[in-house]
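As a plain string of letters, each chain reads:
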Amino acid sequence: MDVRALPLSPEDWAGHATPAWLVVLPADPKTWRVTGAIADLAHDAVRHGDLELKNAKLLYVHRPAGLKAQRLVLVVADLGAKAWRGAVAAGLAALKSSGASAVVIGWAGPEALDAQHAELATTAFADALYTYRHTKPSAPAAAALGKLALALDKTDKAQLAEVRAGLARGKAIAAGVTLAREVANRPGNHCTPTQLAAQARALAEEHGLGIEVLDRKAMARLGMGALLAVAQGSDEPPQFIVLRYDGAARKAAPIVLVGKGITFDTGGISIKPAAEMDEMKFDMGGAASVLGTMRAVAELKPKVNLIGVIPTCENMPDGRAVKPGDVVTSLSGQTIEILNTDAEGRLILCDALTYVERFKPAAVVDIATLTGACVIALGHQHSGLFSADDALAESLLGAGRRSLDSAWRMPLDDEYAEGLKSHFADVGNVGGRAGGAITAALFLKRFTAAYRWAHLDIAGTAWKSGAAKGSTGRPVPLLTHFVLDQAAGSSPTSAT
Ligand code: BES
Ligand code: MN
Ligand code: ZN
């Protein structure tokens, strides 16, 4: 993927030879800065009803008269981040099925493009080009499209520098999102805990990250009774992956990301219904987002220390599987009554959350496809954010807003924890149907007293069902922005 800035003012656009122009027009034609053949064509198309002046409406023109470009796509949008990304995505979707090998994007409105626009165009480009082929080599040949340039007024040097920074960030985030999508899309039999650990090792090798992987024995020695209870029903050995990016002084407290890595969730003995159970291969979306974020951060090299932790195993029913009512002892020493073996995410996470105390973290964020209840509460737009720490919550929300990878804060009042009480252990692993995403978060909170902590429930945002079935790579953009913000000097206390 080749992405760059092209100093080229609107009066030069028609004379620029390129396989494709993607010209983004604001809805008000009086504000258009395009001139000559492009302006004539656009005005004519509007006059004849071929281009409606509404967000994301577009017109594709093959071999446009008076232009050196082989193709022209006109697409309407104002400069708001969402509209801009939507317009670019729509334009690229139209060009993806063309023979164009490169595209130049030009903004015809009066305002200047900034770093955010550059970043969003880059990530939209990567999203448009990604095709899953690991177990489907027959998938349609990759689009010819491989190069993207953003046309910028050649006189504005400051803008050029800002946009270049946005492109670099976009490229790194895109690579992280693509990695997360690829890893999460792989079926359970092609992405076992062992294979996930191999992916992490390859990532570490390629990008100079530190890595350590604990096996079942090491976990048992430590006393990770909750994680091992989930893993015991599967023939696939569990893995506990620790990745490390050292960008700051050794003594600087690290940011820690913990990703749920259930490579397949059958529900265990509390087995799930058959319909759509295949989608539970995505139950390692949190883990995939940790890998993707480590990938992006390794490329951008911010001055921050970052640790990525991935507890990973399968949740299977079996003669050895953990049973409802079993009581296990977590790494924290708290005993847990496993009333529902399908609430397994919180069991592997709680041991990971205790494990990371050793890093004396500046902040810990866990990311998990944790509850169906979160999907009911928030749908597929916002990830659920839970934290008792207002400043940390604000910085995560801000990172989500700026990257268009948004989260919505949910409550975490202790009163909700009532249902987690157990007659036979310190805590039960489920709290009833009401407020299920909140009780899950409150279960995790019990293990996070030693540091500042936030939890992202990505059950509704990590993948899409239906026609566009597949991983989204979320929340890699949010997490990458969050980590970069910490390096920029703003501790999680300084909200954005
Ligand atoms: N991985 C699921 C959560 C999930 C469900 C994500 C549907 C996306 C779509 C999790 O392990 C789970 O099974 N949670 C249970 C918890 C319940 C037993 C308290 C759930 O949400 O039903
Ligand atoms: Mn489950
Ligand atoms: Zn699960």
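Reading the values: rules and limits
Residues numbered from 1 in each chain as written. Chains lettered and ligands numbered in written order. Predicted model: local features only at pLDDT ≥ 70, side-chain atom pairs only at ≥ 80, totals over all residues. Heavy atoms only, no water. UniProt positions renumbered as here; feature names shortened; annotations may be inferred. Pairing = 2+ DSSP bridges. Helix = DSSP H or I, 4+ residues; strand = E, 2+ residues; numbered from the N terminus. Contact = heavy atoms within 4.5 Å. Buried < 20%, exposed > 50% of the residue type's maximum accessible area, 1.4 Å probe, protein only. Donors = N, O, S within 2.8 Å, 3.2 Å for Na, K, Ca; no water. Tetrahedral: all angles 85-135°; square planar, octahedral: opposite > 155°, others 65-115°. Near = heavy atom within 4 Å. Polar contact = N/O pair within 3.5 Å; in protein donor to acceptor, adjacent residues only side chain to side chain. Areas by Shrake-Rupley, 256 points an atom, 1.4 Å probe, with all protein chains shown as cover. Nonpolar A, V, L, I, M, F, W, Y, C, P; charged D, E, K, R; others polar. Domains from an automatic or database assignment. Buried area = accessible area lost by both parts, 1.4 Å probe. Salt bridge = Lys/Arg side-chain N within 4 Å of Asp/Glu carboxyl O. Right-handed = clockwise from strand over helix to strand, strands pointing away. Phe/Tyr/Trp six-rings, centres within 6.5 Å; stacked < 30°, edge-to-face > 60°. Core = buried A, V, L, I, M, F, W, Y, C linked by side-chain atoms within 4.5 Å.

- By the naming in an unreviewed UniProt entry, the protein chain goes by Probable cytosol aminopeptidase and is assigned to Leptothrix discophora.
- Comment text from UniProt for the protein chain, heading Function (unreviewed entry), reads "Presumably involved in the processing and regular turnover of intracellular proteins. Catalyzes the removal of unsubstituted N-terminal amino acids from various peptides."
- Word for word, the UniProt comment on the protein chain under Subcellular location (unreviewed entry) is "Cytoplasm".

## So, the sheet that holds strand 13 (residues 335–338)
Then, in step 1: An order of 12-13-17 is seen for the three strands of this open sheet, with the pairing classed as mixed. Each edge of the open sheet is held by one strand with a lone partner, namely strand 12 (326–329) and strand 17 (427–428).

## Points about the UniProt feature "active site" (unreviewed entry) in the protein chain
Then, in step 1: Summarizing the sequence annotation, UniProt attributes the feature "active site" (unreviewed entry) to Lys272 and Arg346 in the numbering used throughout.
Then, in step 2: Looking at where Lys272 falls in the secondary structure, it is placed in the loop between strand 10 (261–265) and helix 9 (285–300).
Then, in step 3: The residues touching Lys272, leaving out its near neighbours within four places in the chain, are Asp265, Thr266, Gly267, Met277, Met280 and Asp342.
Then, in step 4: Mapping Arg346 onto the fold places it in helix 10 (residues 345–355).
Then, in step 5: The class of Arg346 is buried, set by a relative accessible area of 7%.
Then, in step 6: Excluding anything up to four places from it in sequence, Arg346 contacts Leu370, Thr371, Asn429, Val430, Ala440, Phe443 and Leu444.

## Here's the deal with helix 13 (residues 436–445)
Along an α-helix, residues three or four positions apart point the same way, because every turn accommodates 3.6 residues.
Then, in step 1: Of all 10 residues in helix 13, nine are buried; the element is thus mostly enclosed.
Then, in step 2: Buried within helix 13 we find Gly436, Ala437, Ile438, Thr439, Ala440, Ala441, Leu442, Phe443 and Leu444.

## Things to note about the coordination of the zinc ion (ligand 3)
Then, in step 1: Only Lys260 (NZ), Asp265 (OD), Asp283 (OD) and Glu344 (OE) from the protein coordinate the zinc ion (ligand 3), and they sit 2.0 to 2.4 Å from it.
Then, in step 2: Considering all six donor atoms around the zinc ion (ligand 3), angles at the metal cover 78 to 174° and the coordination shape is octahedral.
Then, in step 3: Between the zinc ion (ligand 3) and the manganese ion (ligand 2) the interatomic distance amounts to 3.2 Å, and Asp265 serves as a bridging ligand to the pair. One end of the pair, Asp265, is in strand 10; the other, Asp283, is in the loop between strand 10 and helix 9, with 18 residues separating them in the sequence.

## A look at the site of ligand 1
Then, in step 1: With respect to spatial proximity, 16 residues lie near ligand 1, and among them Asp265, Lys272, Asp342, Glu344 and Gly372 are the closest.
Then, in step 2: The side chain of Glu344 places a nitrogen or oxygen atom 2.8 Å from an oxygen atom of ligand 1.
Then, in step 3: In the environment of ligand 1, a nitrogen atom lies 3.3 Å from a nitrogen or oxygen atom belonging to the backbone of Thr369.
Then, in step 4: Considering ligand 1 on its own, with 510 Å² of exposed area, one finds that the protein chains cover 77% of that surface.
Then, in step 5: Classifying every residue of the shell around ligand 1 gives five nonpolar, four polar and seven charged.

## Some details on the domain arrangement of the protein chain
Then, in step 1: Domain parsing of the protein chain yields domain 1 (2–152) and domain 2 (178–488).
Then, in step 2: The gap between the C-alpha centroids of domain 1 and domain 2 is 38 Å.
Then, in step 3: Each partner contributes to the interface: domain 1 provides 12 residues, whereas domain 2 provides 12 residues.
Then, in step 4: Carbon and sulfur atoms supply 51% of the area buried between domain 1 and domain 2, which totals about 1,100 Å² over both sides.
Then, in step 5: Interface area lost by domain 1 to domain 2 is led by Tyr130, Tyr132 and His134, which between them contribute 46%.
Then, in step 6: Inspection of the domain 1/domain 2 interface yields one salt bridge.
Then, in step 7: A salt bridge links Asp127 to Arg181, with the shortest nitrogen-to-oxygen separation between them at 2.9 Å.
Then, in step 8: Listing elements by their share of the side of domain 1 that touches domain 2, those giving two or more residues are helix 3 (81–96) and helix 4 (115–129).
Then, in step 9: The dominant element in the side of domain 1 that touches domain 2, judged by the number of residues it contributes, is helix 4, at five residues.
Then, in step 10: A per-class count over the side of domain 1 that touches domain 2 returns five nonpolar, three polar and four charged.

## Considering the pairing of strand 5 (residues 102–107)
Then, in step 1: Most of strand 5 is tucked away, with six of its six residues classed as buried.
Then, in step 2: Neither face of strand 5 is left uncovered, since the one carrying Ala102, Val104 and Gly106 and the one carrying Val103, Ile105 and Trp107 both have all their residues buried.
Then, in step 3: Relative to strand 5, strand 2 (residues 21–25) runs parallel, the two sharing four bridges. Among the inter-strand pairings, Leu22 is bridged to a residue of strand 5, identified as Ile105.
Then, in step 4: Strand direction decides the pairing type here: strand 5 and strand 6 (residues 147–152), joined by five bridges, are parallel. Bridging across to strand 6, Val103 finds its partner in Leu148.
Then, in step 5: Note that the unit made of strand 5, helix 4 and strand 6 has a crossover that is right-handed.

## Quick word on the coordination of the manganese ion (ligand 2)
Then, in step 1: The coordination sphere of the manganese ion (ligand 2), as far as protein atoms go, consists of Asp265 (OD), Asp342 (O), Asp342 (OD) and Glu344 (OE), spread over 2.0 to 2.2 Å.
Then, in step 2: Around the manganese ion (ligand 2) sit six donor atoms, and with donor-metal-donor angles ranging over 71 to 168° the site reads as irregular.
Then, in step 3: Binding-site remark: the manganese ion (ligand 2) is held by donors from one chain whose sequence spacing is D-x76-D-x1-E.
Then, in step 4: For Asp342, a relative accessible area of 22% translates into the label partly exposed.
Then, in step 5: Judged by relative accessible area, Glu344 falls into the buried class, the value being 1%.

## Regarding the packing of aromatic side chains
What characterises a pair of aromatic rings is the spacing of the ring centres plus the angle enclosed by the ring planes.
Then, in step 1: Scanning the entire structure with this criterion turns up six aromatic pairs.
Then, in step 2: Here the aromatic rings of Phe282 and Trp463 are separated by 5.1 Å at their centres, their planes lie at 20°, and the arrangement is stacked. One end of the pair, Phe282, is in the loop between strand 10 and helix 9; the other, Trp463, is in strand 19 (residues 463–464), and 181 residues separate them in sequence. When sorted by exposure, Phe282 lands in the same class as Trp463, which is buried.
Then, in step 3: Through a chain of ring-to-ring contacts, three or more aromatic side chains come together here, namely Phe240, Tyr355 and Phe359.

## Quick word on the environment of Gly470
Then, in step 1: Looking at the element boundaries, Gly470 is found in strand 20 (residues 470–471).
Then, in step 2: Separated by 289 residues in the primary sequence, Gly470 and Arg181 have C-alpha atoms spaced 7.6 Å apart.
Then, in step 3: The residues touching Gly470, leaving out its near neighbours within four places in the chain, are Asn185, Phe282, Trp463 and Lys464.

## What to know about the nonpolar core
Then, in step 1: With 52 residues, the main nonpolar core has Leu196, Leu243 and Leu456 as its most contacted residues.
Then, in step 2: Top contributing element to this core by residue count: helix 9, with seven residues.
Then, in step 3: For Leu456, the residues in contact, after removing those within four places along its chain, are Val365, Asp366, Ile367, Ala368, Ser383, Gly384, Leu385, Ala407, Pro475, Leu478 and Leu479.
Then, in step 4: Core analysis: the second largest hydrophobic core is formed by 51 residues, Met224, Ala229, Ile307 and Ile438 among them.

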